[in-house]
Amino acid sequence: MAWFKRKDKNIQTDQRKEMPEGVWVKVPKTGETVHRRELEDNLWVDPLSGYHFRIGSDEYFSFLFDKGEFEEIGQDIVPTDPLDFEDRKKYSDRLDEYQEKTGKTDAVRVGIGKMNELDVVITCMDFNFIGGSMGSVVGERIGMAIDHARKNEKPLIIISQSGGARMMESVLSLMQMAKTSAKLAQLEESGVPYISLMTNPTTGGVTASFAMLGDFNIAEPEALIGFAGPRVIRQTIGRDLPEGFQRSEYLLDHGFLDFITPRPQLKGKLTKLIKILLHKYEE
């Protein structure tokens, strides 16, 4: 059997049966491929290299909440376009596009349920919705999560993945930094635990507000965490940056993080930290 055939001046391989689309996934860190089922079983972490693929609220909620069961709040709050903003396209059209594309109404979801039989409130951002940018709805939903945790004395977990403030909403977006920070101060005064989990990437106004205000600030391995990106900082200061700058490991070494926790160990680590904060932990 011929392996290829010549047609006109172009060489074309014979058609061969390919694996169904998406069955094999390329690992950016190594260039190797891994079976999708193996990735899913390992919570989207490459078993060989430890590379953490970016996942969203659907996946985090599925393994953090017991049996994946939770009650969602805040989903009735949806974004609008108060400034009639337009760049390459209208902001209102962009919202419609991403809502249809992702099946979500904005870049954050709030779930209430149990994690290893502990009552918790988990807020998770979705980077695939306009880069996980923080607009008015994101701030309002996070505020609702904080208020619910405070009033019901349930520990709060916020999972961040964001490119920063949603500039299509201008100052309305920037106001969310002060709003969420003030509400977290009220949560602290009430003695309710708050754990911040930073994933890849956590940048901009999210880092400058609620993401760095946890009783414990933890991160997944090799997550990019910072205010401005490395390229912007390099251009601003005119110097090369240290190797691994703004990655989880660098920040841990320089005192910005308490722990780095691989995703397969995350549920157990969060449970342990919450029990410590609630004075319920026993060796």
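As the structure is a computational prediction, the values presented were derived from the model and not from experiment.

Novice: Explain the overall build of the protein chain to me, please; I cannot follow it from the model alone.
Specialist: For the protein chain, the helix and strand inventory stands at nine helices and 12 strands. Referenced to the eigenvectors of the C-alpha coordinate spread, the extents of the protein chain come out at roughly 75 × 55 × 45 Å. Scored against the burial criterion, the 283 residues of the protein chain give a buried share of 43%. Once local pairs closer than 6 in sequence are excluded, the contacts in the protein chain between residues at least 24 apart make up 65%. Counting every atom, the protein chain has about 15,700 Å² of accessible surface; 49% of that belongs to carbon and sulfur. If you average the places of the 37 positive and of the 44 negative side-chain charges in the protein chain, the two averages end up 5 Å apart.

Novice: Would you mind going over the pairing of strand 7 (residues 118-125) with me for this structure?
Specialist: On any regular strand, side chains alternate: one points to one face of the sheet, the next to the other face. The element strand 7 is largely enclosed, with a buried count of seven among its eight residues. Inspection of the sheet shows strand 6 (residues 108-115) paired to strand 7 by eight bridges, in the antiparallel sense. Considered in strand 7, the bridge of valine 110 is made with threonine 123. Between strand 6 and strand 7, which follow one another and run antiparallel, lie two residues, and asparagine 116 among them has a positive phi close to 50 degrees. The sheet contact formed by strand 7 and strand 8 (residues 156-162) spans four bridges and is parallel.

Novice: Before we go on, may I ask you to explain unusual backbone geometry in this structure?
Specialist: Residues apart from glycine generally show negative phi values, whereas peptide bonds are mostly found in trans. For the bond from asparagine 200 to proline 201, the omega torsion is -5 degrees, close enough to zero to count as cis. Along the chain, proline 201 falls in strand 9 (residues 194-203). The backbone phi angle of leucine 43 is positive, close to 60 degrees, even though this residue is not glycine. Of note, leucine 43 is situated in the loop between helix 1 (36-41) and helix 2 (57-64). We classify leucine 43 as partly exposed; its relative accessible area is 22%. Positive phi, normally seen in glycine, also occurs at histidine 279, with a value near 60 degrees. By secondary structure assignment, the location of histidine 279 is in the segment after helix 9 (266-277).

Novice: Before we go on, may I ask you to explain the packing of aromatic side chains in this structure?
Specialist: Think of a pair of aromatic rings as described by two things: how far the centres are apart, and how the planes are tilted against each other in angle. The full count for this structure, using the stated rule, is nine aromatic pairs. Ring centres of tyrosine 98 and phenylalanine 129 lie 5.9 Å apart, and the angle between their planes is 55 degrees; on these two criteria the pair is classed as tilted. Placement of the pair is tyrosine 98 in helix 3 (residues 91-102) and phenylalanine 129 in the loop between strand 7 and helix 4 (136-152), with a sequence separation of 31 residues. Assigned by exposure class, tyrosine 98 and phenylalanine 129 land together as buried. The lysine or arginine in question, arginine 54, covers the ring of phenylalanine 127, its NZ or CZ lying 4.1 Å from the ring centre. One cation-aromatic arrangement involves lysine 269 over phenylalanine 259; the distance from NZ or CZ to the ring centre is 4.4 Å.

Novice: I'm lost on a nonpolar patch on the surface in this one. Help?
Specialist: Together, Met167, Val171, Leu174 and Met175 make up an exposed nonpolar region whose accessible area comes to about 380 Å². Among the secondary structure elements, valine 171 is positioned in helix 5 (residues 171-189).

Novice: What is the right way to read the layout of surface pockets from this model?
Specialist: A water-sized probe rolled over the atoms picks out the places where empty space is left. Size it by volume and the largest pocket reaches roughly 220 Å³. Surrounding the largest pocket, Asp87, Arg88, Arg94, Ile130, Gly131, Ser133, Gly163, Gly164, Ala165, Arg166, Met167 and Met168 form its lining.

Novice: Any chance you could explain the confidence of the model for the protein chain here in plain terms?
Specialist: When pLDDT is low, close inspection of the predicted coordinates is not appropriate. Taken over all residues, the pLDDT of the protein chain has a mean of 91, while the share at 70 or more is 92%. Confidence drops under pLDDT 50 across residues 1-20; counting only partners more than four residues distant or on other chains, this segment forms 15 contacts.

Novice: What is the right way to look at the packing of helix 2 against helix 9 in this model?
Specialist: For any two helices packed against each other, the geometry comes down to the angle between their axes and how far apart the axes lie. Put simply, helix 2 and helix 9 touch, their axes get as near as 10 Å, and they point 65 degrees apart. Here helix 2 lies roughly perpendicular to helix 9, going by the angle between them. The two elements helix 2 and helix 9 cross, and the hand of that crossing is right-handed. On the side of helix 2, the interface is formed by Tyr60, Phe63 and Leu64, while helix 9 contributes Leu266, Lys267 and Leu270. Considered class by class, the residues forming the contact of helix 2 with helix 9 number five nonpolar, no polar and one charged.

Novice: Would you mind going over the side chain of serine 248 with me for this structure?
Specialist: Examined against the element boundaries, serine 248 turns out to sit in helix 8 (residues 248-253). Engagement of the side chain of serine 248 in a polar contact is seen with the backbone oxygen of glutamate 220, the distance being 2.7 Å. Ignoring any residue separated from it by four or fewer positions in sequence, one finds serine 248 in contact with Ala219, Glu220, Pro221, Glu222, Ala223, Ile225, Leu257 and Ile260.

Novice: Can you help me understand helix 3 in this one?
Specialist: Every α-helix carries 3.6 residues per turn, so stepping three or four residues along brings you back to the same face. Between its first and last C-alpha, helix 3 extends 16 Å over 12 residues, near the 16 Å set by a 1.5 Å rise per residue. For helix 3, every residue scored as buried is listed here: Tyr91, Arg94, Leu95, Tyr98 and Thr102. All buried residues of helix 3 fall inside an arc of 100 degrees around its axis, so they share one side.

Cut-off values and rules
Residues numbered from 1 in each chain as written. Predicted model: local features only at pLDDT ≥ 70, side-chain atom pairs only at ≥ 80, totals over all residues. Heavy atoms only, no water. Helix = DSSP H or I, 4+ residues; strand = E, 2+ residues; numbered from the N terminus. Buried < 20%, exposed > 50% of the residue type's maximum accessible area, 1.4 Å probe, protein only. Contact = heavy atoms within 4.5 Å. Areas by Shrake-Rupley, 256 points an atom, 1.4 Å probe, with all protein chains shown as cover. Lys, Arg positive; Asp, Glu negative; His and termini not counted. Charge placed at Lys NZ, Arg CZ, Asp CG, Glu CD. Pairing = 2+ DSSP bridges. Phe/Tyr/Trp six-rings, centres within 6.5 Å; stacked < 30°, edge-to-face > 60°. Lys NZ or Arg CZ within 6 Å of the ring centre and 35° of its normal. Patch = residues over 30% accessible without salt bridge, like charges linked within 9 Å, V, L, I, M, F, W, Y side chains within 5 Å. Salt bridge = Lys/Arg side-chain N within 4 Å of Asp/Glu carboxyl O. 1 Å grid on protein atoms, 1.4 Å probe; cavity = no way out; pocket = protein on both sides within 12 Å on 5 of 7 lines; lining within 4 Å. Points joined across faces, edges and corners; volume = space filled by probe spheres on them. pLDDT = per-residue confidence, 0-100. Axes fitted to C-alpha atoms, helices over the stretch in contact; angles between N-to-C directions. Parallel < 35°, antiparallel > 145°, perpendicular 65-115°, else oblique. Left-handed = near helix turned anticlockwise from the far one by under 90°. Nonpolar A, V, L, I, M, F, W, Y, C, P; charged D, E, K, R; others polar. Polar contact = N/O pair within 3.5 Å; in protein donor to acceptor, adjacent residues only side chain to side chain. Expected span 1.5 Å × (residues − 1). Arc of directions from axis to C-beta.

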